[in-house]
Every structure is written in structure tokens, then in C-alpha cells.
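Fold and geometry: a report
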Amino acid sequence: MHYHHQPDLPAPQPVLAAMVAEFQTPRELIEAARKVRDAGYQKFDAHSPFPVHGIDDAMGIRMSRLPWFTFGAAVFGGLNAVGMQWWMNTVDYPFWISGKPFASIPAWMPIIFELCILLGCFTTVIVMFLLNGLPRFASPFSRAVSTLRSSSDRFFVSLDARDPKFSLEGSRQLLESIGARHVEACYIDPADAKFPKALVFGAIMLGSVLVVPPVAIAKHRWEEKRIPKVHWIQDMDFQTKFKTQKANKFFADGRSMRQEVVGTIARGDLEDDDKLFKGLEHDDGTLERLLNAPPAAPAAPQPAPAGGAPAAQEPDPLDALPWVKTVPIPVTLETLKRGEERYNIYCSVCHGIAGDGDGLVTLRAMELQQGTWIKPVSYHTENVRNQPIGRLFNTVTHGVRKMSAMGDVVTVQDRWAILLYLRALQKTRTGDPADVPADVLPELKDVKFE
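Residues numbered from 1 in each chain as written. Predicted model: local features only at pLDDT ≥ 70, side-chain atom pairs only at ≥ 80, totals over all residues. Heavy atoms only, no water.

Concerning the overall build of the protein chain
On a plain count of helices and strands, the protein chain comes out with 15 helices and 4 strands. Over its C-alpha trace the protein chain gives a radius of gyration of 43 Å, far above what one expects of a compact globule, namely 22 Å for 450 residues. In terms of overall dimensions, the protein chain has a C-alpha envelope of 120 × 85 × 50 Å along the principal axes. Within the protein chain, the fraction of its 450 residues that count as buried is 25%. Contacts in the protein chain between residues at least 24 apart in sequence constitute 68% of all its contacts with a sequence separation of at least 6. For the protein chain, the accessible surface area stands at approximately 33600 Å², while carbon and sulfur atoms represent 61% of it. (Helix = DSSP H or I, 4+ residues; strand = E, 2+ residues; numbered from the N terminus. Rg over C-alpha atoms; globule rule 2.2 N^0.38 Å. Buried < 20%, exposed > 50% of the residue type's maximum accessible area, 1.4 Å probe, protein only. Contact = heavy atoms within 4.5 Å. Areas by Shrake-Rupley, 256 points an atom, 1.4 Å probe, with all protein chains shown as cover.)

As C-alpha cells, then:
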């Protein structure tokens, strides 16, 4: 076997990269930069240990294009936010919340703002690197020995050898003619411009590692799972307990959820005052039977009475119950104020501030005209005014028509306080001076209503 000797390749020779000139004062630096620009050089730079005012104008530096890239990216991000939210809220997954519009610019503003900032910032950083040719691993300026003082007390102008007007002797003569204290040629080794192999290897390894999490997440989301996932931290996720709606062989009926033991009652749930808890003078069980009775089948249409008289309505069995006619709690100013507060929280959104059935939710529902909303009755109608307050308490507790039951939301005391305030609202339309105490009536003459 014969080996052919390969001749050694000549080592790459240093290449002239720039010409560096040293100046002692910022004024000399500005004047030198202006003369270099007037000489027609385009690729040159000024180096100073601190910012020098006026150097941009002397070098003829124009406004950076970077703000335009930032502005364009922010507009692109804002438009993407609008399109994304419009698609999600109106086409892909429309979610109706209290009649609010699907497309609403005010509600989208946080996402629009965030995407404008996000894309603007990322674009600014990336374009800044590109416009400045970064990263650079070798700078010809740093090769000059004289530039070691560029960060302390000296100022420099460097001419790039790639400039069309650059020449070794011509550029040197120019710099010496404009007052340079020292002129030095800078050479670079072509080997220094190569990307370090260690960084290439590190970038490949880092990129490979970063790909693993998204691939693992995607695989976990889309693959069919036949075994439980790995649960490294147990915390209190797995406990020995009976879960609701689960089968349980321990009990005879096979259910984990247990019913109340007949004849028992939880502590604090003994509601033995019919006036307070049911609004009845006394209860013989009729109210509970009526509330739990299955809904009656629709009545067959009856022929219209002769003479055009309206058909008689079936009597409501609730009207026959002995409802209380007075509030069974102490009537005080504090109770009335409490009732006003609770009314404004729970009732006014549908019934309106004054009880006319014109709350904000009602107005919005009536505006939509979807046919699913029943307008609340006004508290000032004769029918509501004549109802015993115990009957109204039953309506608030158990609900009626589209109105949901408030018994589990509002306490008993607050329900009576709300009804006390409701009676006060009704009196604002039907009251007369006889309802006001004689010692208070003169003060009302000076009351100014806004």
C-alpha cells in the first residue's frame, strides 16, 4: 500500500480589514468624522469611551429603520388578536353570557394589547441583531494595539476596508491630514471569522433538548391511554374515602351517598317557626305537597263563552293558604336599609331599581327579542300589592316562572328585609300623608328630590 504525501496547505494570510486613527478630544473626533464623510466614505465608524453629542450628524447617520419594524409587528399582532378572538368567540366556540355580544372590541383589548407588545418586543430584538450584523465573533477594530484606550481616554475613527474609496495609502494620508495622532492598519485572520465548532455543537444539542418537551406533550395528548398517567407527587389526590355518585359494596343499596335518617334533623335546621320560615300562620303540610306535586298537564282548550266574555281562570291553590300579612321580624330602620342593600344586589338587575320590572338584564333580554325571556311583573301592579307578604316570601324562596329560587342564596332574615323594602317601594306610589307620622310630615316638605 502506497501513501501519497499531501503537501501542506499554506496558512491563510491576515487580511487588511480597517484603518484606525486616534484623536485626543471629542471635538477632534466630530471634526474628523465630518471630514471622512465629506471625503465620500460610507463604511466608517467612530469609537468613544462615552456618548458624544453631535457625532450622528457629523457621520451623516440617518434615522434607524428599526422603529418601523417594531410598529409593523405591533400592528400585525393587534390584527391577529382581533382575528383570533373573533374566530373563537363568534365561529369556533361562541359562548353566550347574559346576552353580551359575541364580538366586542372593549372585551378584546387586553389580548390585543398583549399581542401588540409581545410581537413588537420580539421583532425589535431580532431585527436589531440582523441590522447590526450580530453576533460577531471577531472585530478588526479590536486588533489594533492603539484601540486599547478606546474605553478610557482616547477617540478613534475606523475606515472599513470594504468601502469603495478605501486604499491603504490613500486612506492613511486622509486620516493623517485631518489631524490623527496615530494611524494603524488592522488585519484579521480569516480563521477567526469561522463559527466556533463548540458553539455549533452546543446549539445542536440545545435545540435537540428543547424539541423533546413539545414532542412529549403532543404524544401524551393524542395517543390513546390504557393505563393511568405517572403521578409522581401524590399530595392528597388519593385518599381512602367514599366519593359521591360512586358505587359502594359496603352498603346494602350499593351507593356511597347516604340519605337522611328518617326522623332526624341536622343541628340548626329545625325550622319550626312557620311564620318566619314559610310565611304561613300555620302549616299542615299543604304547602309542601303543592310544591312537590308534579306539573299539571295542559288543559284542553275550552270553547269561548258566549257573548265574548273572558274565560274563567283556574283558582291557584296557593291563594287558599293562610299567608302571614305582616313581617315576622322586628321592623327597624336598620332592617329597611339592609333590605334595600340586598334588593339592589339580588333583585334590581331584573326588577329594576324602582321595582318596575326594567332592570338591566331585562332591558338587554327584551332588546334581543329572542322570545325566551319573560319580563318580570312590576311590584306596583294591583295584583302584587294585594298579595299577602307571606305569599311574596314563598315566591322569593321557591321562585316562580323564570325567576329562580333564592332560598339557598339569601338568608331568611334578608328575604324578609327585602320584602320590607319592597313594601316601602310600593308605598312610594300609593302612600298618602296619613301614612307618615305627624311629627315627621313637616320635615318632608323641605326634602329635595334629585
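Some details on helix H6 (residues 197–222)
Counted at 1.5 Å a residue, the expected span for H6 with its 26 residues is 38 Å, and the 38 Å between its end C-alpha atoms agrees. Within H6, only 0 of the 26 residues are buried, which leaves the element largely exposed. (Expected span 1.5 Å × (residues − 1).)

Quick notes on the sheet that holds strand S2 (residues 44–47)
Strand order in the open sheet formed by 4 strands is S2-S3-S1-S4, with antiparallel pairing between adjacent strands. Lying at the two open borders of the sheet, with one neighbouring strand each, are S2 and strand S4 (182–188). Ignoring strand direction, the axes of neighbouring strands in this sheet form an average angle of 25 degrees. Pairing of strand S1 (residues 15–23) with strand S3 (residues 155–160) involves 6 bridges; the strand directions are antiparallel. By the bridge assignment, Ala 18 is partnered in S3 with Asp 160. Sitting on the sheet, helix H1 (residues 26–38) is in contact with S1, S2 and S3, with an inclination near 20 degrees to S3. Across the sheet, helix H5 (residues 168–177) is in contact with S1, S3 and S4; its angle to S1 comes to roughly 10 degrees. (Pairing = 2+ DSSP bridges. Axes fitted to C-alpha atoms, helices over the stretch in contact; angles between N-to-C directions.)

With respect to the environment of Met 406
Here Met 406 lies in the loop between helix H13 (389–398) and helix H14 (412–430). It is 49 Å that separates the C-alpha atoms of Met 406 and Pro 213, two residues lying 193 residues apart in sequence. Once residues within four sequence positions are removed from consideration, Met 406 is found in contact with Tyr 346, Val 396, Thr 397 and Arg 415.

Observations concerning the pattern of salt bridges
Summed over all chains, the structure comprises 20 salt bridges. Ionic pairing is found between Arg 391 and Asp 316, a salt bridge with its closest N-O pair at 2.9 Å. Taken together, the residues Arg 391 in helix H13 and Asp 316 in the loop between helix H8 (286–292) and helix H9 (333–346) connect sequence positions 75 residues apart. Look at Arg 391 and you get buried, because its relative accessible area is 12%. (Salt bridge = Lys/Arg side-chain N within 4 Å of Asp/Glu carboxyl O.)

What about the packing of helix H3 (residues 66–92) against helix H4 (residues 105–131)?
At their nearest, the axes of H3 and H4 sit 7 Å apart, and the two run at 145 degrees to each other. Crossing angle aside, the handedness with which H3 passes H4 is right-handed. Here the contact of H3 with H4 is built from residues that sort into 19 nonpolar, 8 polar and no charged. (Left-handed = near helix turned anticlockwise from the far one by under 90°. Nonpolar A, V, L, I, M, F, W, Y, C, P; charged D, E, K, R; others polar.)

Observations regarding the nonpolar core
Considering soluble globular proteins, one finds that nonpolar side chains tend to be buried as a cluster. One finds Phe 23, Val 36, Phe 44, Val 157, Leu 159 and Leu 175 to be the most contacted residues of the largest nonpolar core, which totals 24 residues. Counting residues per element, the ones that place at least two in this core are S1, H1, helix H2 (55–59), S3, H5 and S4. The greatest single-element share of this core, amounting to 5 residues, is contributed by H1. Apart from residues lying up to four places away in sequence, Phe 23 is in contact with Glu 28, Leu 29, Ala 32, Arg 154, Phe 155, Val 157, Ile 178, Gly 179 and Ala 180. Counting residues in each nonpolar core, the second largest holds 22 residues, with Leu 276, Ile 329, Phe 393 and Ile 418 among its members. (Core = buried A, V, L, I, M, F, W, Y, C linked by side-chain atoms within 4.5 Å.)

Here we look at the packing of aromatic side chains
Per the stated rule, a full pass over the model turns up 7 aromatic pairs. The structure contains a cluster of three or more aromatic residues connected by ring pairs, namely Phe 242, Phe 250 and Phe 251. Above the ring of Phe 251, the side-chain terminus of Arg 258 is found at 4.0 Å from the ring centroid. (Phe/Tyr/Trp six-rings, centres within 6.5 Å; stacked < 30°, edge-to-face > 60°. Lys NZ or Arg CZ within 6 Å of the ring centre and 35° of its normal.)

Concerning a negative patch on the surface
There is a patch of like negative charges on the surface, built from Glu 260, Asp 269, Glu 271, Asp 272 and Asp 273. Following the sequence through the fold, Asp 272 ends up in the loop between H6 and helix H7 (274–277). (Patch = residues over 30% accessible without salt bridge, like charges linked within 9 Å, V, L, I, M, F, W, Y side chains within 5 Å. Lys, Arg positive; Asp, Glu negative; His and termini not counted. Charge placed at Lys NZ, Arg CZ, Asp CG, Glu CD.)

Some words on the side chain of Ser 256
Looking at the secondary structure, you find Ser 256 in the loop between H6 and H7. At a separation of 3.0 Å, a polar atom in the side chain of Ser 256 contacts the main-chain carbonyl oxygen of Lys 246. (Polar contact = N/O pair within 3.5 Å; in protein donor to acceptor, adjacent residues only side chain to side chain.)

Focus on the environment of Ser 404
Topologically, Ser 404 is positioned in the loop between H13 and H14. Using a relative accessible area of 48% as the deciding quantity, one classes Ser 404 as partly exposed. Between the alpha carbons of Ser 404 and Ala 293 there is a distance of 18 Å; along the sequence they are 111 residues apart.

Structural notes on the side chain of Arg 154
Structurally, the position occupied by Arg 154 is in the loop between H4 and S3. A polar side-chain atom of Arg 154 sits 2.8 Å from a polar atom in the side chain of Glu 22. Among the polar contacts listed, one links the side chain of Arg 154 to the side chain of Asp 153, at a separation of 3.5 Å. Excluding residues that lie within four positions of it along the chain, Arg 154 makes contacts with Glu 22, Phe 23, Gln 24, His 47, Pro 49 and Arg 149.

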